[in-house]
Amino acid sequence: MKIIHLISIILIVAISGCTTVPEHRSVPENLITKVELAEITNARFWGDELPKFTRETLLKMSHAEARENFSGIYAKPHNYLAISGGGANGAFGAGILAGWSAAGTRPEFTMVTGVSTGALTAPFAFLGPDYDEQLKKVFTTTSTKDIATKRNVIAVAFGDSMAKTDPLKKLLKKYITEEMIEAIATETKRGRRLFIGTVNLEAGRPVIWNIGSIAASNREDKVELIHNILLASASIPVAFPPVTIAVEADGVIYDELHVDGGTGSQVFVYPAALDWRKITKILKVQGKPNVYVIRNSFLDPNYLGMKRNLLPIGIRTIDSLIRTQGIGDLYQIYALTKRDGNEFNLAYIPSDFIEKPLEGFDPVYMTKLFERGYQMGVGGYPWKKAPPGFIIH
C-alpha cells in the first residue's frame, strides 16, 4: 500500500506541475458591456452592433470636423481591404499583395481588417508596399515550430489547450516592432483605420479592435497589448490557449479571454448595423468605395474519401464548417456592398493549385502558394464581382 500511495503522490505532483493554468478573474455578467481598456478610448467595439464612436461622434460631425479629423481620407476615393483567416494559406494573400504592388496598381487602403492569419497580414498590408518583403518572410520562412509547441498528454488533459503559442509570441515581437506600431499611429491620425477581429469567449461575441487607436495612445504597454490582440485573433480554441486581456470597470481590473476571430466570422469589413452611406456622405467620398476581400482558402468543394474513425471525421467536419461559414461571410459582405453602394471584389485560392503541405505550416508549400498569389497579382488579378454560386443579372 505504501508503494501505491507513493506512486499516487508522484502522479499528483506531476499533474499539478504540468497543468497549471493562469488564474482568471472573469468580468461579472452585468459589467460585460461596460468594461473598458484603461487609458484608451474607442479602442474596440462589439462586432455585432453599431459602434459607440460612430453613433455618438462620427455621424454627428460637420464636414469641417470630418475634414480635420480624417484629413487623409476626406473627399478622396476609398478602398477597403478585408483579409480572412486560413492558417498557412495566408501565404496566398501575402503573394497577391506583393504582386499587386509590383504591378503598380495597388491603392492605399483607407481601411484594413484582419482575422486569424489575416490579422497577422493586416498590419503589413495597412502600411503599404514598403512592408511587402517582411510580409513575404513571415509567410515563406515560418514553420510549425515557429507557431506553437505541443503539450504533453497530461498537460492537455488538465490544461486549456493542446499546444503553447510561445513561439508565435516571439514571432510577433520580431516582426511587429515599435517602429511599425508608431507608423500605424501616424496613419491613424490621418484618418485611416486598421481593425482586428477576436471573439470574447465568455460573452460569445465578436470584438473589433481599433489597432491604430491603441498605437496612438500613451499606454506604456501598448506594444505588448497589440501583440496580444494579434495573438488572440490567431488563437484557435482548444488547439491554442485563449489570450487574457486586462480590462477595467469602476477602478477594478478584470480579465477577458479572447480567441480566434474566425470563430465569429472568417472575414469582415464593418458591422451590418452601420449605415455606410451616411459615413461616405460625411467624409465626401469620391466615387464608389471599393471593397477588396482576400479569402485565404479554397472555396470549391473537394472530395475526400473517409475512414470511419473519430479523428478524421472530426477534422473533416470542422473543415466543412469553416468553408461554408466563410462562404456565408462572403455573401453577407456582398449584400452589404450592394446595400451601401460599394464595389465588391473577391480573391481566393484557385482550385487548380494542387500542392499539399507536409505539416501545418510548411515553408515549401507556403512559398509555392505565395508565388502563385504573386503571379496572379502582378498579372492583374481578375477580381470576382460576386461570391461563388451567385448569378449576376
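Okay, helix α6 (residues 132-141) next. Of all the positions in α6, only D132, L135, V138, F139 and T140 are classed as buried. Check the buried side of α6 and you find it contacts α4 (90-103), α5 (117-127), α8 (166-175) and α14 (363-378).

The next thing to look at is the packing of α5 against helix α9 (residues 178-189). Where α5 meets α9, the axes come as close as 10 Å, and the angle between the chain directions of the two elements is 60 degrees. When the interaxial angle is binned, α5 and α9 end up oblique. Taken as a pair, α5 and α9 cross one another with a handedness that is left-handed. Facing P123, F124, F126 and L127 of α5, the residues of α9 in contact are M180, A183, I184 and E187. Per-class residue counts for the contact of α5 with α9 are seven nonpolar, no polar and one charged.

Look at α9: 17 Å from first C-alpha to last across twelve residues, which is about the 16 Å you get at 1.5 Å a residue. Along α9, the positions that sit buried rather than exposed are M180, I181, I184, A185, E187 and T188. Projection of α9 onto a plane perpendicular to its axis shows the buried side chains occupying an angular sector of 165 degrees, all on one side. Away from its buried face, by an angle of more than 90 degrees, α9 presents the exposed residues E178, E179 and K189. Of the surrounding elements, those touching the buried residues of α9 are α5, α8, β6 (193-200), α10 (211-215) and α11 (222-233).

Membership of the largest hydrophobic core comes to 77 residues, with the highest contact counts inside it found for L81, V112 and I214. With near-sequence residues (within four places) excluded, L81 lies in contact with L97, F109, M111, V112, T113, A125, Y292 and I294. Membership of the second largest hydrophobic core comes to 35 residues, among which are A82, F195, V267 and V293.

Rules used in this analysis
Residues numbered from 1 in each chain as written. Predicted model: local features only at pLDDT ≥ 70, side-chain atom pairs only at ≥ 80, totals over all residues. Heavy atoms only, no water. Buried < 20%, exposed > 50% of the residue type's maximum accessible area, 1.4 Å probe, protein only. Helix = DSSP H or I, 4+ residues; strand = E, 2+ residues; numbered from the N terminus. Contact = heavy atoms within 4.5 Å. Axes fitted to C-alpha atoms, helices over the stretch in contact; angles between N-to-C directions. Parallel < 35°, antiparallel > 145°, perpendicular 65-115°, else oblique. Left-handed = near helix turned anticlockwise from the far one by under 90°. Nonpolar A, V, L, I, M, F, W, Y, C, P; charged D, E, K, R; others polar. Expected span 1.5 Å × (residues − 1). Arc of directions from axis to C-beta. Core = buried A, V, L, I, M, F, W, Y, C linked by side-chain atoms within 4.5 Å.

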